[in-house]
Amino acid sequence: MSGASVVVADRIFDAVAGRVIEGLAVRIEGDRIMGMVPSSETAGLARIELPGHTLLPGLIDLHTHLVGPIDTGRGYAELVTLSAAEMVLHGVANSRATLEAGFTSVRDVGTFRAFTDVALREAIEAGLIPGPRMACAGAYVTSPGGGGDITGLALDVDQVLPPEFRFGVASGVEQMRGTVGRILRHGADFIKVIATGAVLTSGTNPSAPEFTQAELEAAVEEASAAGTYVAAHSHGAEGIKRAVRAGVRSIEHGSLIDAEGVALMAEAGTYLVADIYNGDWIREQGPSIGYSDEAMSKAEATTDAQRAGFRAALAAGVKIGFGTDAGVIPHGHNARQFTSYVEQGMTPSEAIRSATLVAAELMGRGGEIGVVASGALADLIAVPGNPLDNVSLLEQVTFVMKGGNVIKSPVPPKHS
């Protein structure tokens with residue numbers, strides 16, 4: 001959007017204060033917010049009027065998998081039937097759905113074909129396709145046969161698997177250092193380690209650690225030396241504690257966390273990114289999608305425990321960032337998790353802050369995204385009504401602006 005303009009809604013969600021404010025409009029110049037001005041003092045500016053709406057910062061999902069089709073729950077061996085191009089083309093559709101749902105920024109926390117996420121990010125940044133701002137993991141860092149490896153292949157096929165499927169497989173401290181360095185040199189923004197087994201990787205145990213603390217410390221040291229951080233997929237209690245002690249920025253899932261792990265996270269300032277809506281989706285849709293008995297059993301064993309851990313972490317003051325594991329749930333359904341967060345003890349304001357202010361801070365982009373403030377990127381969304389009264393309204397995003405460009409709007413802009 002060229003020139004100065006204003007977006008006018010009934011109310012604006014202030015993510016810093018955690019409340020809505022009224023009587024102000026957001027002034028936009030280029031791709032930035034220039035501040036808020038009284039709604040009555042916007043004469044001569046292009047206006048986007050959103051009566052009855054609440055304006056919010058663009059939402060952030062910290063745990064997505066944009067590349068590839070939705071997970072079938074049958075293990076990952078079938079991914080070898082898709083080319084890298086097919087995987088990325090799925091990502092094009094997934095990116096559009098995510099953006100139009102109001103998520104203007106995401107962390108993409110891993111893909112089995114290394115750096116297909118980076119290719120998708122580059123296409124979005126070049127303006128070739130619509131999509132959210134992406135921070136990419138590039139490839140899973142996983143142990144051989146671990147939660148981020150392709151398992152369940154016949155032996156002869158396993159031996160000739162294309163190398164991009166196992167770019168991040170590492171064993172031992174020195175191999176860990178080299179692998180992390182190579183992933184970052186190929187364009188990853190941060191490192192994702194698979195610290196325990198996974199629910200949807202066949203033959204792995206979510207409660208079992210898959211890296212030693214020394215290996216995790218090596219990953220953190222290499223990432224830190226490159227100016228970035230490590231996110232750790234961790235379901236089991238011991239794997240969580242090893243990862244926190246090693247200095248990771250975030251624990252992803254945290255399904256089987258124990259009281260000691262909660263205390264360690266609170267003391268260290270480690271973020272919990274908890275995808276607690278996933279359990280409902282898998283329970284309801286898994287059988288019809290074709291989830292294996294193994295996947296359904298592991299999901300059942302972790303769902304209620306994860307929610308108990310979420311409540312314990314919330315009570316202990318652990319910083320909780322919003323992450324859905326989109327790719328398991330359909331892309332574009334991300335906002336359904338707000339209701340889950342509120343059901344498990346957050347206020348609507350806390351839930352929204354987890355996907356704005358807190359998520360931006362985790363990504364190292366505080367003040368730039370996740371807030372409606374002077375100097376921030378003009379990433380804005382609007383929903384009808386007040387989401388502090390009914391957080392499920394965030395599933396009804398009618399307006400999306402990214403970097404000052406209107407992506408979705410119920411009304412055209414006009415001059416006053």
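Engineer: Provide a residue-level description of helix α7 (residues 259–268), including the pertinent values.
Structural biologist: Of the residues making up α7, those classed as buried are G261, V262, L264 and M265. In a view along the axis of α7, the buried residues occupy a sector of 165°, so they form one face of it. Within α7, the exposed residues directed more than 90 degrees away from the buried face are A259 and E267. Positive backbone phi, at 75°, marks G269, one or two positions downstream of α7.

Engineer: Break down the sheet that holds strand β8 (residues 133–136) for me, citing the residues and quoting the values.
Structural biologist: Ordered by their spatial adjacency, three strands build an open sheet running β6-β7-β8, and the pairing between neighbours is parallel. With one partner strand each, in any of the chains shown, β6 (59–64) and β8 form the two edges of the open sheet. Across the sheet, the axes of successive neighbouring strands diverge by a mean angle of 15°, strand direction being ignored. Together, β7 (103–108) and β8 form the strand contacts of helix α2 (residues 116–125), whose direction differs from that of β8 by roughly 155°.

Engineer: Give a detailed account of the environment of T111, specifying residues and quantitative values.
Structural biologist: Relative to the assigned elements, T111 resides in the loop between β7 and α2. Judged by its relative accessible area of 4%, T111 falls in the buried class. In this structure the C-alpha to C-alpha distance between T111 and H65, which are 46 residues apart in sequence, comes to 6.7 Å. One polar contact links the side chain of T111 to the main-chain carbonyl oxygen of R113, over a distance of 3.4 Å.

Engineer: Please give an account of the packing of aromatic side chains that cites residues and values.
Structural biologist: Applying the stated criterion across every chain yields a total of eight aromatic pairs. Relative to F112, the ring of Y76 lies with its centre 4.4 Å away and its plane at 35°, an arrangement referred to as tilted. Of this pair, Y76 sits in the loop between β6 and α1 (84–100) while F112 sits in the loop between β7 and α2, and the two are 36 residues apart along the sequence. Classification of Y76 as buried rests on a relative accessible area of 14%. Aromatic pair F103 and F322: ring centres 6.0 Å apart, planes at 20°, arrangement stacked. Here F103, found in strand β7, pairs with F322, found in strand β14 (residues 320–322); they are 219 residues apart in sequence, far enough to count as distant. Of the two residues, F103 and F322, both sit in the buried class. What links up through ring pairs into an aromatic cluster is the set F103, F310, F322, F338 and Y341. We note R107 situated over the ring of F190; from NZ or CZ to the ring centre the distance is 5.3 Å.

Engineer: Which residues make up the pairing of strand β13 (residues 271–274), and what are the values?
Structural biologist: Because side chains alternate across β13, one face comprises the buried residues Y271 and V273, and the other comprises L272 and A274, equally buried. Sheet topology places strand β12 (residues 250–253) next to β13; three bridges connect them, and they run parallel. Each bridged residue has a counterpart across the sheet, and for E252 the counterpart in β13 is V273. Crossover connection from β12 via α7 to parallel β13: handedness right-handed.

The rules behind these values
Residues numbered from 1 in each chain as written. Predicted model: local features only at pLDDT ≥ 70, side-chain atom pairs only at ≥ 80, totals over all residues. Heavy atoms only, no water. Buried < 20%, exposed > 50% of the residue type's maximum accessible area, 1.4 Å probe, protein only. Helix = DSSP H or I, 4+ residues; strand = E, 2+ residues; numbered from the N terminus. Arc of directions from axis to C-beta. Pairing = 2+ DSSP bridges. Axes fitted to C-alpha atoms, helices over the stretch in contact; angles between N-to-C directions. Contact = heavy atoms within 4.5 Å. Polar contact = N/O pair within 3.5 Å; in protein donor to acceptor, adjacent residues only side chain to side chain. Phe/Tyr/Trp six-rings, centres within 6.5 Å; stacked < 30°, edge-to-face > 60°. Lys NZ or Arg CZ within 6 Å of the ring centre and 35° of its normal. Right-handed = clockwise from strand over helix to strand, strands pointing away.

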